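Examination of the molecular architecture
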Amino acid sequence: MPTLTIDGIQVTVEPGTTLIEAAKQVGKSVPHFCYHKKLSIAGNCRMCLVEVEKMNKPVVSCQVTAAEGMVVKTDSEKVKNLRKNVLEFILINHPIDCPVCDQAGECKLQEYYMDHSIADSQMTEAKVHKPKRVDLGPLVVLDDERCVLCSRCIRFCDEITKTGELCFVNRGDHQTLTTFPGMKLDNLYSLNTVDICPVGALTNKDFRFACRVWFLKETPSICTGCATGCNITINHYDDKIYRYLPRENEAVNQCWLCDEGRLSYKFVNDSSRLLRPKAKTNGQASFVAPTVAMEVLVSQVEKTKPQDIVLVGSALESNENNLALKKLADLLGVTHLYYSARIVPNPSHDDFLIKADKNPNRAGVEKLGFKPLLGAAPIHSKVCIILGGLSEAEQKALQPKASGHWVMLASNEGPDTQAADLIFPTATFAEQEGTFTNFQGRVQPFAKAFEPKGDTRPASQWIEELAVRLGFCHCEASQLLRSGSG
């Protein structure tokens, strides 16, 4: 393995390591636009130039591999002047429209300019204008004047999705990014091009002009779009989710995220959210106080034999909430344990990240001993406590409804909640801590982004309160219901 010196720091790296990656290992960040560790090397932006002793000119650090005895300088005066010149060249025709650019605040061009090139342009010629607000596809908009021609997006479509929709046309300062004739940027991962665009050329239609990035808070979480469990960062502000960004986990999603999963956050912000308990009287549902709703539930459970009670977990809910339901079953002596799951007609899937199973925690709920509700023989019960929601087919499996009392712990109102006699509003995964178990059996934690609104709370808290009100001592209920995901 070669040993080299970078800015006076000696480091030994794996054979084949490029200078830009070797510098990263000693804590030196070399500015770059076109380089991306998951894409082929283009070496066209020239921003990552460094000096190497005994070489007669600066080298492109993303192209040159480390060799034994190399002495590299990443921040010499010569290198700094080169970066300044490169930035001035890139900015010749740039619109400098940071105040109205969605990327402002997280733009590499803006960041590097402040670090390396705060100076007026020497150009006196008029700028070359290029197409703006170009509709590249259903989710992505291009501002060609902001493009620095790094080609990351083109290489992503060629090498990762292998759909090859994008290309450059024309030459010199008239070169522009576009799609091939008759094509749209419409692959399953198209919004990753926005993530890897180092400037504000490519923007996400869903997030465009929605919120300035410096207002956004970041919370590490897990995508609930399918069984893969891609690691994400939730960007949120004022108790509202604005976007998901992929969070790097080489073993699960590398550094990518599919469009379907990325846009799956909207149920958290939706107006259908349940914020107060509801109870049905004479067929009409109305809001009730949490204590009133709990008294009704306690009364129903107390007068029902364990063999007439059914508990339904959820493949959409966390291990902790399902475990709470399982422990409640143990306390009550209930043996009828089933789980509901999201069923999507003709689900999308591929051999990369997208799974046909659109449930983030099927593996977790099955490990706890719940059986799938769909496909089970018709279930007769007097009290049925349901975590999450039910599909139409799952509702039929719980027939005959007329003889039973349905209690739902749900975050959103829908056709399934219309059938419930009692509803407790629950927090979404963004409003609580917990874990999901993905299809690999990997238990992955997610953090709370913001506090639940109204009377909503994690389902495990409702279940714990039920256990306490049924006469199990508080310490025993807490110990049982919060004993980990197992």
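Cut-offs and rules
Residues numbered from 1 in each chain as written. Predicted model: local features only at pLDDT ≥ 70, side-chain atom pairs only at ≥ 80, totals over all residues. Heavy atoms only, no water. Phe/Tyr/Trp six-rings, centres within 6.5 Å; stacked < 30°, edge-to-face > 60°. Helix = DSSP H or I, 4+ residues; strand = E, 2+ residues; numbered from the N terminus. Buried < 20%, exposed > 50% of the residue type's maximum accessible area, 1.4 Å probe, protein only. Pairing = 2+ DSSP bridges. Core = buried A, V, L, I, M, F, W, Y, C linked by side-chain atoms within 4.5 Å. Contact = heavy atoms within 4.5 Å. Axes fitted to C-alpha atoms, helices over the stretch in contact; angles between N-to-C directions.

A short note on the packing of aromatic side chains
Enumeration according to the criterion identifies 10 aromatic pairs in this entry. Ring centres of Phe33 and Tyr112 lie 5.3 Å apart, and the angle between their planes is 65°; this geometry places the pair in the edge-to-face category. Remark: Tyr112 occurs in helix α3 (residues 108-116) and Phe33 occurs in the loop between α1 (19-25) and β3 (49-52); sequence separation between them is 79 residues. What makes Phe33 buried here is its relative accessible area of 0%. When the ring of Phe424 is compared with that of Trp462, the centres are 4.9 Å apart and the planes differ by 55°; the resulting orientation is tilted. Linking Phe424 in strand β21 (residues 422-425) with Trp462 in helix α13 (residues 459-469), this pair joins segments that are 38 residues apart in sequence. Look at Phe424 and you get buried, because its relative accessible area is 1%. When its relative accessible area of 2% is taken as the criterion, Trp462 is described as buried. Three or more aromatic residues link up through ring pairs in this structure, and these residues are Phe267, Phe429, Phe436 and Phe446.

Brief notes about the pairing of strand β23 (residues 443-446)
Of the two faces of β23, only the one carrying Gln444 and Phe446 is buried; Val443 and Pro445 on the other face are not. With four bridges connecting them, strand β22 (residues 434-437) and β23 associate as antiparallel partners. Bridged to Gly434 within β23 is Phe446. Hairpin remark: β22 followed by β23, antiparallel, with five residues in the connecting loop; positive phi at Gly441, about 85°.

A closer look at the nonpolar core
Formed by 56 residues in total, the largest nonpolar core has its most connected members in Phe33, Leu109, Val140, Leu166, Leu202, Ile241 and Tyr244. Contributing elements (two or more residues each) for this core: α2 (77-90), α3, β7 (140-142), α4 (152-159), α5 (192-196), β12 (231-237) and β13 (240-246). Per-element tally for this core: the top contributor is α4, with four residues. Those residues within four positions of Leu166 in sequence are excluded, and the remaining contacts are Leu136, Cys153, Ile154, Cys157, Leu177, Thr178, Thr179, Phe180 and Leu185. With 38 residues, the next largest nonpolar core counts Val365, Leu409, Phe424 and Ala459 among its residues.

With respect to α13
In an α-helix, one turn spans 3.6 residues, which is why side chains three or four residues apart end up on the same side. Listed as buried for α13 are Ala459, Ser460, Trp462, Ile463, Glu464, Leu466 and Ala467. Backbone geometry just after α13 places Gly471 at a positive phi near 110°.

So, the sheet that holds β12
In space, the three strands of this open sheet follow the order β11-β12-β13, with antiparallel pairing throughout. For this open sheet the edge positions go to β11 (217-222) and β13, each flanked by a neighbour on one side alone. Sheet twist, expressed as the average angle between the axes of neighbouring strands with direction ignored, equals 30°. In the sheet, β12 pairs with β13 via six bridges, with the strands oriented antiparallel.

Any link to function would need more than the numbers given here.
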